[in-house]
Amino acid sequence: MDQTRSRSPFTDVIHAGQAPDPATGAVSVPIYQSSTFAFASAEEGAARFAGKDGGYIYTRLGNPTTRALEDAVAILENGRGGLATASGMAAVTTVYTAVLEKDAHMIATAAVYGASRTVVENEYSRFGVRADFVDTSDIEAVRKRLTPRTRLLYVETPANPTLRLTDIRACAALAREHGLVLAVDNTFSSPILQNPLDLGADIVIHSLTKFINGHSDVVGGMILAREEALLKRLRKVLQLMGGTMDPHQAWLVLRGLKTLALRMDKAQDNAMRAARFLESHPKVRWVNYPGLPGHPQHELAKSQMKGFGTMLSFGLEGGFEAGRRMMNAVKLCALAVSLGSVESLIQHPASMTHAGVPRREREEAGITDDLVRLSVGCEGYEDIQADLAQALSA
Ligand SMILES: *Cc1c(COP(=O)(O)O)cnc(C)c1O
């Protein structure tokens, strides 16, 4: 990959890594639906296996359609390169496998994506891996958990569903000081709003399922690395473990990517207006949105993000019951988990995603009974507000 960022992400989502097809001039990157690639001669085959001519061998090891997507996101994130994966979780587990050795220790944000935590506790623990899940917005709390076996600092910011931020620059300084790898799950911000590699992170992870694809119709993931040596190590693990992406899946994500900047712009504008509306609504007790000046980390958001995002959470006056009533009353917002799509999606963690977690643990993680999470979509703002208003009065 030899392309660099242009002046605008609006341009890069459309052109980065996606030049017209050299064979046919096709403007849309073709779907190279082939599992294997023929060599012109025994000598060419040998050169390819020796990694000398950069050509394709077998789709698990690399494919031109998938490669276009990897280059595009790598340019947007300013990475040395990208690795597309079958799902966001395939990206997460590839990073864990590449970075952690037997009996290693990692420190992660307490509110990480549920499966990113469960896979450590249920599976990697069998290989002696230990993890501490802490409030990474408090850098001293992170420092206190360091051990001689700590290898990985794994951060999600803003965290879900509390919208609490972690200072990426401070984590990068700590990681450098102690020889740790800093990985940031950047799913919630997309490359349009936050670029952790520019702030000192070593690895960025995306669930492409969310903003980058953006249409609730594909599952996928991506890993980006700042340096060649780490990228090579990650690639080796991914190719061996087999969680690579299919070319048809890559093409669908490339199609979604073209409008990423436009979608973020519209959804973010909607989110800011929805946050202000909810803040002034009598049935809403509090609103968490980094774009509101009252958010405790509004200044940090301004210093490490290029926008405040499209995710917000709010608390209802009537607690748990009011949450359930609101879920049953929405008409435009889809009552669904996931996020980052063109449709507005709403959910009530206490009765849905986190219903199985004991209340005390839930509350410690900031997931109170009254909390509603909203992923604001690209609909007309007036319609979103009207739906929220009628659901709140139900
Ligand atoms: C969805 C999600 C994942 C997992 O991605 P899948 O594509 O569902 O495997 C990881 N991290 C975050 C923050 C997510 O929202």
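Values in this document were obtained by computation on a predicted structure and should not be read as measured data.

Conventions and cut-offs
Residue positions are counted from 1 within each chain, in the order its sequence is given. Per-residue local features of the predicted model are confined to residues with pLDDT of at least 70, and side-chain atom pairs are confined, for both listing and counting, to 80 or more; whole-chain, interface and lining totals are unaffected and use all residues. To obtain the side-chain values, all non-hydrogen atoms of the structure were included, while hydrogens and water were left out. Fitted lines through C-alpha atoms serve as axes, helices being fitted only where they are in contact, and the angles separating the N-to-C directions of these axes extend from 0 to 180 degrees. Secondary structure elements follow DSSP: runs of H or I no shorter than four residues count as helices, runs of E no shorter than two count as strands, and numbering proceeds from the N terminus. By definition, turning the near helix anticlockwise from the far helix through less than a right angle yields a left-handed crossing, and turning it clockwise yields a right-handed one. The criterion used for residue contact is that any of the two residues' heavy atoms lie within 4.5 Å. When residues are sorted by character, Ala, Val, Leu, Ile, Met, Phe, Trp, Tyr, Cys and Pro go into the nonpolar class, Asp, Glu, Lys and Arg into the charged class, and all the rest, Gly among them, into the polar class. The rule for pairing is simple: two strands pair if DSSP sees at least two bridges between them. The criterion for a residue being near a molecule or strand is simple. One of its heavy atoms has to lie within 4 Å of it. Under this definition, polar contacts are N or O atom pairs within 3.5 Å; protein pairs additionally need one hydrogen-donor-capable and one acceptor-capable atom, and for neighbouring residues in sequence, both atoms have to be side-chain atoms. Only the protein chains shown count as covering a residue, and every accessible area follows the Shrake-Rupley method with a 1.4 Å probe. Working rule for helices: expected span equals 1.5 Å times residues minus one. Exposure classes here rest on a 1.4 Å probe applied to the protein chains alone. A residue is buried below 20% of its type maximum, exposed above 50%, and partly exposed in between.

Draft legend 1. Looking closely at the packing of helix H4 (residues 88–99) against helix H9 (residues 228–241). Between H4 and H9, the shortest axis-to-axis distance is 9 Å and the interhelical angle comes to 115°. Of the two elements, H4 crosses H9, and the hand of that crossing is right-handed. Only Arg233, Leu234, Val237, Leu238 and Met241 of H9 make contact with H4, whose side of the interface consists of Thr94, Val95, Thr97 and Ala98. Across the contact of H4 with H9, the residue classes break down as six nonpolar, two polar and one charged.

Draft legend 2. Summary view of unusual backbone geometry. Omega for the bond connecting threonine 157 with proline 158 falls within 30 degrees of zero, at -5°, which places this linkage in the cis form. Mapped onto the elements of the fold, proline 158 is located in the loop between strand E4 (150–156) and helix H7 (168–178). Cis geometry is found at the peptide bond from asparagine 160 to proline 161, where omega equals -5°. As for its position among the elements, proline 161 is in the loop between E4 and H7. One non-glycine residue, serine 338, adopts positive backbone phi at about 75°. Take serine 338: it is sitting in the loop between strand E10 (334–335) and strand E11 (345–347).

Draft legend 3. View of the sheet that holds strand E5 (residues 181–185). With respect to topology, seven strands assemble into an open sheet ordered E1-E7-E6-E5-E4-E2-E3, the strand pairing being mixed. Strand pairing shows two members of the sheet lacking a second neighbour, strand E1 (81–85) and strand E3 (130–134), which therefore form its edges. This sheet shows a mean twist of 20° between the axes of neighbouring strands, independent of strand direction. Inspection of the sheet shows E4 paired to E5 by five bridges, in the parallel sense. By the bridge assignment for E5, glutamate 156 is matched with aspartate 185. Along the sheet face, H4 touches E1, strand E2 (105–109), E4, E5, strand E6 (203–207) and strand E7 (221–225) and points at about 155° away from the line of E6.

Draft legend 4. Layout of the site of the ligand. Neighbouring the ligand are 13 residues; Met89, Asp185, Ser207, Thr209 and Lys210 lie closest to it. Here an oxygen atom of the ligand and a backbone polar atom of methionine 89 are 2.9 Å apart. The side chain of serine 207 places a nitrogen or oxygen atom 2.9 Å from an oxygen atom of the ligand. Burial of the ligand by the protein chains amounts to 92% of its free accessible area of 380 Å². For the shell around the ligand, the class distribution of residues is four nonpolar, six polar and three charged.

Draft legend 5. View of helix H3 (residues 64–77). Between its first and last C-alpha, H3 extends 20 Å over 14 residues, near the 20 Å set by a 1.5 Å rise per residue. The element H3 is largely enclosed, with a buried count of 13 among its 14 residues. Its side-chain oxygen at 2.9 Å from the backbone nitrogen of threonine 65, asparagine 63 defines the N-terminal cap of H3. Count one or two residues on from H3 and you reach asparagine 78, which has phi positive near 60°.

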